[in-house]
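These are the residues of each chain, in order.
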Amino acid sequence: MKSSEIRENRKTAILGTLAGWFMKLWSFTLRFEIEDRCGITRPGTHNMPVIFALWHNRIFTIPPVWWKTGGKKRKAVVLTSASHDGAMLSRAMAVFGLGAVRGSSSRRAVAALIGMKRALQEGLDVCITPDGPRGPRYEFHPGVIKLAESTRAPIVPIHATYSSAWRLKTWDRFVIPKPFSRVHVIFDEMHFVPPKIDDETFENSRKQLQTILLNGADDV
């Protein structure tokens, strides 16, 4: 029963909403530089749903970027854990108009996969942190590849680097850009995973996406 339980209470709901508004207000102090290599932020360029992949420690700045660039026209959901932390994150993402699919590899994995597939089928983008929710940091978990393989939705890696930032002493070294710093965000080229691939091709795709995201990190 505990493995299928979604945890949330009034306290996490309030704290998550406050965190979302803090992220949104903080974003107005930042200078964003957007580099779109796949055209995902240009209206009418790509109508297909995609899978966004970014490292867990970048989630403070990417929702404001999504909201500023295409969030009003492209609907999306974020994969969050079924824990109280996941509840806070889902409430924070709601401030930016993002929905949530609750689950992780340790709890509600099947339900989360079904939820993400359904979202893509309905035309919604899906955003995943492939090293979350508990790491190891910068380790690309295979679930993203499985989702892309089964749905044929392309994966769009997202990079974010900072001219000046604080890095918290958490497992992922969570990054918070300092006020008035410059944030360079890259929507990288789309990566397609063919259906019904063998184990070797699957692992090669996982390693390739991990390398792509690692190349966009400034603290590896």
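Look up: the structure comes first, before these words.
Predicted model, so just to flag it, every value in this text is computed and none were measured.

Colleague: In this structure, what is going on with the packing of helix H1 (residues 10-27) against helix H2 (residues 62-69)? I would like to understand it.
Modeller: Direction vectors running N to C along H1 and H2 enclose 70 degrees, while the axes themselves pass 9 Å from each other. Here H1 is positioned roughly perpendicular relative to H2, judged by the angle of their axes. The handedness of the crossing between H1 and H2 is right-handed. Contacts between H1 and H2 involve Met 23, Lys 24 and Ser 27 on the former and, on the latter, Pro 63, Pro 64, Trp 67 and Lys 68. Partitioned by chemical class, the residues of the contact of H1 with H2 number 4 nonpolar, 1 polar and 2 charged.

Colleague: I tried to follow the sheet that holds strand S6 (residues 155-162) on my own but got confused; where do I start?
Modeller: Hydrogen bonds between backbone groups are what pair the strands of a sheet, and the pairing can be parallel or antiparallel. In space, the 7 strands of this open sheet follow the order S1-S9-S6-S2-S5-S3-S4, with mixed pairing throughout. Both edges of this open sheet fall to strand S1 (31-36) and strand S4 (99-102), since each of them pairs with a single strand only. Pairs of neighbouring strands in the sheet enclose a mean axial angle of 25 degrees, with direction left out of account. Across 6 bridges, S1 lies against strand S9 (residues 182-187) in parallel orientation.

Colleague: When you look at the packing of aromatic side chains in this model, what are you seeing that I'm missing?
Modeller: The geometry of an aromatic ring pair is captured by the separation of the ring centres together with the interplanar angle, meaning the angle of the planes. For the coordinates displayed, the defined rule picks out 8 aromatic pairs. Aromatic side chains Phe 52 and Phe 187 sit 6.1 Å apart centroid to centroid with 70 degrees between the ring planes, which places their arrangement in the edge-to-face category. Within this pair, whereas Phe 52 is found in strand S2 (residues 51-53), its partner Phe 187 is found in strand S9, the two being separated by 135 residues in sequence. Here Phe 52 matches Phe 187 in class, with each residue buried. When the ring of Trp 55 is compared with that of Phe 140, the centres are 6.4 Å apart and the planes differ by 75 degrees; the resulting orientation is edge-to-face. One end of the pair, Trp 55, is in the loop between S2 and H2; the other, Phe 140, is in the loop between strand S5 (125-128) and helix H5 (143-151), and 85 residues separate them in sequence. Assigned by exposure class, Trp 55 and Phe 140 land together as buried. Each residue in the set Phe 22, Trp 26, Phe 60, Trp 166 and Phe 174 is aromatic and connected to the rest through ring pairs, giving one cluster. The lysine or arginine in question, Lys 24, covers the ring of Trp 21, its NZ or CZ lying 5.0 Å from the ring centre.

Procedures and definitions
Residues numbered from 1 in each chain as written. Predicted model: local features only at pLDDT ≥ 70, side-chain atom pairs only at ≥ 80, totals over all residues. Heavy atoms only, no water. Axes fitted to C-alpha atoms, helices over the stretch in contact; angles between N-to-C directions. Helix = DSSP H or I, 4+ residues; strand = E, 2+ residues; numbered from the N terminus. Parallel < 35°, antiparallel > 145°, perpendicular 65-115°, else oblique. Left-handed = near helix turned anticlockwise from the far one by under 90°. Contact = heavy atoms within 4.5 Å. Nonpolar A, V, L, I, M, F, W, Y, C, P; charged D, E, K, R; others polar. Pairing = 2+ DSSP bridges. Phe/Tyr/Trp six-rings, centres within 6.5 Å; stacked < 30°, edge-to-face > 60°. Buried < 20%, exposed > 50% of the residue type's maximum accessible area, 1.4 Å probe, protein only. Lys NZ or Arg CZ within 6 Å of the ring centre and 35° of its normal.

Scope: geometric values only; no functional claims are made or implied.
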